[in-house]
Amino acid sequence: MKLVVTEEQRELRDALRRFFADRSPSAEVRRLMETAEGYDPKVWAQMAEQLGLQGLAIAEEHGGAGFGVRELAVVFEEMGRAVMCAPFLSTIIAAAALEAGEGGHDLLPGIADGSTIATLAVAEDGSWDPGDVKAVYRDGAVSGSKDFVLDGHIADVVLVAARDGDGVGLYAVEDVSRLVRTPAVTLDQTRKLARIEFDAVPARKVGGREALLRALDVAAVALAAEQLGGAQRTLDMTVEYVKVRHQFGRPIGSFQAVKHRCADMFVLVESARSAVLNAAAAADESPEELPAAAALAKAYCSDAYFHTAGEAIQLHGGIGFTWEHDAHLYFKRAQGSRQLFGAPDRHRERLAALAGLTGAAATP
């Protein structure tokens, strides 16, 4: 696998950084996170029409650009850097599930052009393991409940993990008016989650267990890339601060203890970058390696982001402990992302099982 960043990906990164710097400054993030919807529909439309982000990794025959997870990783990294408020992660995961499934391809053009917000509903009782799914599909309808559904309160299409006579599969609910959707109170207000209840809601099958597993692995890679972007930004803002903050007549960045802490942050960020590059490449070129690569990336990047965000608050001193400082936006996003799609320990257990080091199931 090639783990280098291409010139086209660098150009994409530059364009995205300019776009998000203009559309997602911290003041706009704070405004949007207080709204019920949690995003700006105008910016969402611009992302689709001007940049083609929603359709970036959707096949051309389904209205997309036909790129891969590598390019998506660039997008998510820049979104993480800007703490972007948009239903992008939820929609991209749903698109990945539809691409991997046998049905539902007619939903992809709407996702690609930005007219459809989609999401994937898996978690029950705090578990993202498909083996713990209790929701059922019977007689053309889904019954059960799901927690921690990304953008579940505004999604136009909900892909539900449910059981039928053949095991766990994916079912598309397109008439969302039949759903009971309750927004969740979360630590990270920049990312909206909801609880959804299904009471014999009409649905159609769009994929089996393999499509669900593929979607969850892509979700882990995408979120790891976003965490990388956030970790890089917390490192950058901390380095900028310790250069200008003076104590005892000199920049605090000249103190050995501060240098060491910044160096540790740098090592975490660069190691996270390697994990993301490897996982994105596996998703595009070596699907048999993706489960291990995705588990490694999600576990490592979760811890790296949480640590760098915490260090950013510490090294900013008193101002870093105030809610008005942007370091708190990153710290809360880091904590929320750490738990999303499974905590680091769950992914480490899966990685150990895949490596044959434990008796745990390698496939959820």
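Since we're looking at a predicted model, the values are computed, not measured.

Focus on the UniProt feature "domain: Acyl-CoA dehydrogenase/oxidase C-terminal" (unreviewed entry) in the protein
Thought 1: The feature "domain: Acyl-CoA dehydrogenase/oxidase C-terminal" (unreviewed entry), as annotated in UniProt, sits at residues 208-353 in this numbering.
Thought 2: From the first C-alpha to the last, residues 208-353 spans 23 Å; its make-up is 79% helix and 3% strand.

Let's talk about the domain arrangement of the protein
Thought 1: Partitioning the protein into structural domains gives domain 1 (7-113), domain 2 (118-208) and domain 3 (211-355).
Thought 2: Each of domain 1 and domain 3 has a C-alpha centre, and these two points are 21 Å apart.
Thought 3: The interface is formed by 21 residues belonging to domain 1 together with 32 residues belonging to domain 3.
Thought 4: Taken together, the two surfaces of domain 1 and domain 3 that pack against each other cover about 2,200 Å², and 65% of this comes from carbon and sulfur.
Thought 5: Among the residues domain 1 hides against domain 3, the three largest losses belong to R30, R70 and R81. Together they make up 28% of the total.
Thought 6: Where domain 1 touches domain 3, the interface holds five salt bridges.
Thought 7: In this structure, R70 engages E285 in a salt bridge whose closest nitrogen and oxygen atoms are separated by 2.5 Å.
Thought 8: Connecting domain 1 to domain 3 are 11 residue pairs in polar contact (both at pLDDT 80 or more).
Thought 9: Among the elements of the structure, α2 (26-32), α4 (69-82) and α5 (88-100) are those that each provide at least two residues to the side of domain 1 that touches domain 3.
Thought 10: Its residues placed into classes, the side of domain 1 that touches domain 3 shows 13 nonpolar, four polar and four charged.

Brief notes about the packing of helix α7 (residues 209-244) against helix α10 (residues 327-339)
Thought 1: Running from N to C, α7 and α10 cross one another at 155 degrees; their axes reach a closest spacing of 10 Å. Taken together, α7 and α10 sit at an angle that is classed as roughly antiparallel. When you trace α7 past α10, the crossing you get is left-handed. Counting all contacts with α7, which are made through L223, E226, Q227, G230, R233, T234 and M237, the residues of α10 involved are A327, Y330, R333, S337 and R338.
Thought 2: Residues belonging to the contact of α7 with α10 are distributed by class as follows: four nonpolar, four polar and four charged.

Digging into the environment of L268
Thought 1: In this structure, L268 sits in helix α8 (residues 256-285).
Thought 2: For the pair L268 and L228, spaced 40 residues apart in sequence, the C-alpha to C-alpha distance is 9.4 Å.
Thought 3: Setting aside residues up to four positions removed in sequence, L268 forms contacts with Y300, A304, H307 and T308.

Things to note about the confidence of the model for the protein
Thought 1: In this model, the protein carries a mean pLDDT of 93, and residues with pLDDT of at least 70 account for 97%.
Thought 2: Across the protein, element-level confidence peaks in strand β1 (residues 118-121) with a mean pLDDT of 98 and bottoms out in strand β9 (residues 246-247) with 77.

Cut-offs used in this document
- Residues numbered from 1 in each chain as written.
- Predicted model: local features only at pLDDT ≥ 70, side-chain atom pairs only at ≥ 80, totals over all residues.
- Heavy atoms only, no water.
- UniProt positions renumbered as here; feature names shortened; annotations may be inferred.
- Helix = DSSP H or I, 4+ residues; strand = E, 2+ residues; numbered from the N terminus.
- Domains from an automatic or database assignment.
- Contact = heavy atoms within 4.5 Å.
- Buried area = accessible area lost by both parts, 1.4 Å probe.
- Salt bridge = Lys/Arg side-chain N within 4 Å of Asp/Glu carboxyl O.
- Polar contact = N/O pair within 3.5 Å; in protein donor to acceptor, adjacent residues only side chain to side chain.
- Nonpolar A, V, L, I, M, F, W, Y, C, P; charged D, E, K, R; others polar.
- Axes fitted to C-alpha atoms, helices over the stretch in contact; angles between N-to-C directions.
- Parallel < 35°, antiparallel > 145°, perpendicular 65-115°, else oblique.
- Left-handed = near helix turned anticlockwise from the far one by under 90°.
- pLDDT = per-residue confidence, 0-100.

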